[in-house]
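Each chain is listed here by its residues.
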Amino acid sequence: MDNDNLSVREMTEKDIPLFANYWFTASDDFLKGMGVDLQKMPTREQFTQMLQTQLSLPYAEKKAYALIWEAEGEPFGHSNVNPVTYGKEGAMHLHIWKPEMRALGIGAEMVGLSLPYYFGNMKLERVYSEPYAHNTAPHKTLEKAGFTFVKEYVTTPGSITFEQPVKQWEIFPK
């Protein structure tokens with residue numbers, strides 16, 4: 001993979017079907033491996049409507065803010081902060097949609113390319129991430145991207161997750 005061909009951009013309406021496909025075509029086992037409670041998943045229509053609403057809001061009013069990850073101009077994943085409090089902090093999530101793009105060592109670079117959007121556009125003072133403790137890939141990525149490990153604890157880290165052990169990581173603007 002030529003890292004010169006990697007880029008990040010804000011999500012647009014045309015990305016919604018790709019974004020939704022990731023969640024609604026994934027196997028139950030894959031989703032559970034990320035800590036998703038299948039009973040809490042919204043319908044595809046609800047999910048799409050939520051994304052459309054967030055895209056239409058000014059930065060200061062967003063409750064979620066998503067970026068698209070691309071290789072050679074083709075979307076292959078996303079990062080988002082959700083929940084996010086404008087001017088304060090956001091919980092970052094990172095997802096590589098295409099299996100062939102996983103385990104290539106590019107996640108940390110993509111996170112690094114995403115952070116200026118979060119700190120710049122959302123004016124965040126802190127970005128944190130709380131991946132499922134048993135999902136090792138994001139922990140390696142966050143450490144490599146310069147995040148600092150804070151703690152491991154049990155929580156329900158998101159609106160579609162089950163109670164689980166998570167590892168909390170954080171980073172501040174440079």
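A. Spotlight on the sheet that holds strand 7 (residues 164-171). Across the sheet, which stays open at both edges, the seven strands sit in the order 1-2-3-4-5-7-6 with mixed pairing between neighbours. Among the strands making up the open sheet, the edge pair consists of strand 1 (6-10) and strand 6 (148-155). If you compare each strand with its neighbour and ignore which way they point, the axes differ by 30° on average. Looking at chain direction, strand 2 (residues 65-71) and strand 3 (residues 74-85) are connected through seven bridges and run antiparallel. The residue of strand 3 that forms the bridge with L67 is S79. Strands in contact with helix 4 (residues 107-121) are strand 1, strand 2, strand 3, strand 4 (89-96), strand 5 (126-129) and strand 7; relative to strand 1, the strand with the most contacts, it is inclined by about 30°. Strands in contact with helix 5 (residues 136-144) are strand 4, strand 5 and strand 7; relative to strand 7, the strand with the most contacts, it is inclined by about 15°.

B. Spotlight on the environment of P58. With respect to the helices and strands, P58 occurs in the loop between helix 3 (44-56) and strand 2. Each C-alpha atom of the pair P58 and M122 lies 9.9 Å from the other, and the pair is 64 residues apart in sequence.

C. View of the environment of P42. Relative to the helices and strands, P42 is located in the loop between helix 2 (28-33) and helix 3. For P42, a relative accessible area of 24% corresponds to the partly exposed category. With residues near it in sequence (within four places) discarded, P42 still touches F24, F47 and I160.

D. Local environment of the pattern of salt bridges. Within the structure shown, the criterion is met by four salt bridges. The residue R9 makes a salt bridge to E70 at a minimum N-O spacing of 2.7 Å. Of this pair, R9 sits in strand 1 while E70 sits in strand 2, and the two are 61 residues apart along the sequence. Each member of the pair R9 and E70 is classed as buried. Here the salt bridges share partners, and the residues they tie into one network are R9, D15 and E70.

Cut-offs applied
- Residues numbered from 1 in each chain as written.
- Predicted model: local features only at pLDDT ≥ 70, side-chain atom pairs only at ≥ 80, totals over all residues.
- Heavy atoms only, no water.
- Pairing = 2+ DSSP bridges.
- Helix = DSSP H or I, 4+ residues; strand = E, 2+ residues; numbered from the N terminus.
- Axes fitted to C-alpha atoms, helices over the stretch in contact; angles between N-to-C directions.
- Contact = heavy atoms within 4.5 Å.
- Buried < 20%, exposed > 50% of the residue type's maximum accessible area, 1.4 Å probe, protein only.
- Salt bridge = Lys/Arg side-chain N within 4 Å of Asp/Glu carboxyl O.

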